[in-house]
Every structure is written in C-alpha cells, then in structure tokens.
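What follows is each chain in one-letter form.
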Amino acid sequence: MYFDELNISDELLDALDAMNFEQCTPIQEQAIPKILEGRDLMGIAQTGTGKTAAYLLPVLDELSHGNYPKDSVNCIIMSPTRELAQQIDQQVEGFAYYLDGVSSVAVYGGNDGIRFEQERKGLELGADIIIATPGRLISHLNGGHIDLKKVSFFILDEADRMLDMGFYDDIMKIASYLSEERQTIMFSATMPDNIQKLAQNILHDPVEVKIAVSKPAEKIQQQAYLCYDGMKDRIVEKVLRQEDLDRVILFASSKMKVKELSLTLKRKGFNVGAMHSDLEQREREEVMLAFKNHRISILIATDIVSRGIDIDDIQMVINYDAPRDPEDYVHRIGRTARANREGQAITLVTPKDWPHLLKIEKLIEKEIEKPELPEGCGEKPQMPTGKAASKGRHNGSRNGYRGPRKGAQANQSAPKGKSQTSHKKRRPQKTTPKA
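Source: prediction; values computed, not measured. (Residues numbered from 1 in each chain as written. Predicted model: local features only at pLDDT ≥ 70, side-chain atom pairs only at ≥ 80, totals over all residues. Heavy atoms only, no water.)

## Description of helix α2 (residues 26–36)
Just so we agree on the cut-off: When a residue's accessible area, from a 1.4 Å probe over protein chains only, is under 20% of the maximum for its type it is buried; when over 50% it is exposed; and in between it is partly exposed. Under the scheme used here, helices are H or I runs from DSSP no shorter than 4 residues and strands are E runs no shorter than 2 residues, and both carry numbers assigned from the N terminus. Each direction from the helix axis to a C-beta atom contributes to the arc, which is the arc of those directions.
Of all the positions in α2, only I27, Q28, A31, I32 and I35 are classed as buried. Considered in projection along α2, the buried side chains sweep an arc of 105° and stay on one side of the axis. Of the residues trailing α2, G38 is marked for its positive phi of about 90°.

## Quick look at the nonpolar core
Our working rule: In these notes, a set of buried Ala, Val, Leu, Ile, Met, Phe, Trp, Tyr and Cys residues joined through side-chain atoms within 4.5 Å is what counts as a nonpolar core. In what follows, a contact means two residues having at least one pair of non-hydrogen atoms within 4.5 Å.
Formed by 45 residues in total, the largest nonpolar core has its most connected members in Y55, L60, I77, F95 and I129. Examining the composition of this core, we find that eight residues originate from one element, helix α3 (residues 51–64), more than from any other. Residues within four places of L60 in sequence aside, it is in contact with L12, V92, F95, A96, L99, V102 and I129.

## A few points about helix α13 (residues 326–333)
Taken across its eight residues, α13 has eight buried, putting it largely inside the fold. Listed in full, the buried residues belonging to α13 are P326, E327, D328, Y329, V330, H331, R332 and I333. Those residues of α13 hidden inside the fold are in contact with β7 (207–210), β8 (220–226), β9 (248–251), β12 (316–319), β13 (343–349) and α14 (354–364).

## Thoughts on the sheet that holds strand β4 (residues 129–132)
Heads up, the rule is: Pairing between two strands is assigned when DSSP locates at least 2 bridges connecting them. Lines fitted to C-alpha atoms define the axes, with helix axes restricted to the stretch in contact, and inter-axis angles between N-to-C directions lie between 0 and 180 degrees.
One open sheet accounts for seven strands, arranged β3-β4-β2-β5-β6-β1-β7; its pairing is parallel. Of all strands in the sheet, those with a lone pairing partner are β3 (104–107) and β7, marking the two edges. The sheet shows a mean angle of 15° between the axes of neighbouring strands, taken without regard to direction. Examined bridge by bridge, β3 and β4 share four bridges and lie parallel to one another. Residue pairing for β4: A106 is matched across the bridge by I131. Helix α9 (residues 193–202) rests against β1 (41–44), β5 (153–156) and β6 (183–188) of the sheet, and its axis sits at about 170° to β6.

It is worth stressing that arrangement in space is one thing and function is another; only the former is reported here.
Printed below as a string of structure tokens:
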C-alpha cells in the first residue's frame, strides 16, 4: 500500500514525499487505518519495522484538523530511554513540517537542572505532543508543571522495555491522570505476561496488530552449550579466552546476575562494563559510549539493551541465561551479524531451560548446534526426549533428565568463582522508509 492511499492530509503526504517515503511497511498498513478509526491498539512489532510512523502519522493527522484544545497537552508518548525520546521528537518534526501549529516537547532524565527548567517552561507554554521518559514525566507531574486532563492520545512505545526497566508503577500513575475517554496505543516487540497485564489495565477493547518476528540473520553461527548452573562461569571464561574478541555482549536474566558477572570477569582480567536498570541515565550513557569507543570489550547487560543498542560490529552474543521468551532470543542475538557481517551467538542451557530451547528452535525453524563443552568444563547433560523435553519434567524416567550423580559428575561443575520545538520551516531530511 502507498501512503497516498491512506486517508491522511495532503500536508503529511508532502512531508512523506520530501522524506522519500512511498510505501507503507506492514505495521503501518495495518495500524494506521485502525488508529484513524479511533480504536485502541496493541501493536506487536520489532524495532525497524516502521512502528514510529505507524502511530505518529494518524495522530498528527487528527491534530492537524484543529479539533483539539490549543492550550493543553493533546498527546503523551512514553519512551523507555532518552535516546528513543529524541528520535521520536525528530520524527515528529519531520512529519509535521508542513503542518501549522503542531508543537512537541521532549522531556527526559539524565541531564542537569538547566534542562529541567527549560522543559518546565516549555510544558507551561503548552505543546500538542509530549514525548517523555516515565520518571521525568512523573517529576514534572509532581511539580505541577503539566496538566494531563485533556490528553486525547496516550502512546507507549517499546512498552516491554519500559517494564523491563521497572516502570510499571510509573506508567499506571501517569495513566491515572488521564481522561478515560482517551485513545491508547501500545507497541511492544514481545508479549510476555506483564505486557498482557498492562494492556488489560490501560487499553479498552483494543485491536491487535502483530508483525511476525524476523528470523535471525543467516550469518549468525548459533550454538547452545548444554550444562549445569555451576559450569556457566567456566564456560564463559573459556569461550572468551579461546576467541580473539573485543566486541561481545553477554546477556543475563537479572541486574543482580549482571553485577555478579561483572565482578567475576573483572577479577579474571577481562575488560567489562555492566548495563542494568539500577544505573542512572548518565551512567548508562557513559557505559555505552565506552563500549562503542572500544574502551570496554565486553558489555554485560539485561534485556534493556537487547533492542536499544545500535552498533554494527558486535562479534559475539552470549546468553548466560537462556531467554524464556523465544522472541527475546531473536532480539538478543540480532545484535550480531549486522551490516552483512558474520557473528556468533552462544546460549548456555541448563536442564530447566530445555523447554525454552525447544520453543526457540520452533520459532526460528532451525535446530541449534549443541557442541561438546570447552575442555575442562565437564560433560554436557543428556538432552531429554518426549514429554519430559517438551514439558520440562525431569523425573527420572528413562528418557528424562536424572540430574547429576553424586561423585564424579557432580564434581565436574566448576566453582562459581528538546526544549519546546516550534517546527521552524526547515526542510525534512531524507531518511529511510522504516521510521
């Protein structure tokens, strides 16, 4: 479908034309008409599929008709990170180039008091669209700098990342300030239980639009090391020492594990940095900059960066903890083998993780190679078969996992060692069609 087949204003079409946007992506083709109908929407789509334009274009079209209050905030867009908030604000500026009177303000943490004061003044002057990180918006709400009673559009971008970062309560608090008559649009790359719970609480009779998860790049060499928990640190050390690597991301399931791994690997002489939700925005930016500039070789992280990192030369991704959601696996390993490069992805799989591994293989429609463990790490457990494999039951049956025997096998386990934007008439820059 071409954009000019959609029921959006000529001014928006002119901006799209100036930016070389011609055809809708699948998420845009499916979501834009539903949003224009006024429906709440739950969109499941990965980064890079064009979801930003999928919600911005219909909202900007509605605001351009002039049927909304000029002296109040009409749209709130929630973003998990400062970087994404800035990107969205730039997209608003490009799409709204030919629209009169549509303004936006981006508010986010990680900066000094001068920036906060600029945001406060911008909010009090009024803006149609506020793009905000949850914590920063809460700060302005607590200070009485913004009134959300007349907000007509509430949009959550990368909602799963916001929940991973612990923003559930903040989102619900912000939603409590909004009118029940609002239209709510939520986008997420995955649909775990906590996202379903959030959707049930803030969406009203939503339509669901889901774009299939892309398969991992063919140039990713995928391997799964079958092991026991006590072997993991030794395996990671062996892999990192065997390979000539200086661009590695290591994913763990919790911030506590990230902190533990960081200390463990530093003691072993590795150049590592940790990325988790306990860090302030400024600290996260410093770690990411150090990784991008090669001052850090190994980035240990929770899933907060699995869809937020934009580095093309990652050589290897290691899943210290196997992801429970198979789509998270695709997002994680998608950090390597970018820009037509080759890459490696290694996942450590314990007996309790076997059902998750089977789901991953089913999603990617490929059996992952399961090599022998590196020398000195012990023998890998035997894979269960039949019902024990699919249901994760290891009850001592013939084909199930019996657990490590006392003695030799058990001993093989290694020790755990913008200020207000007025949209000046600056011609939109050309960009890619996947806004």
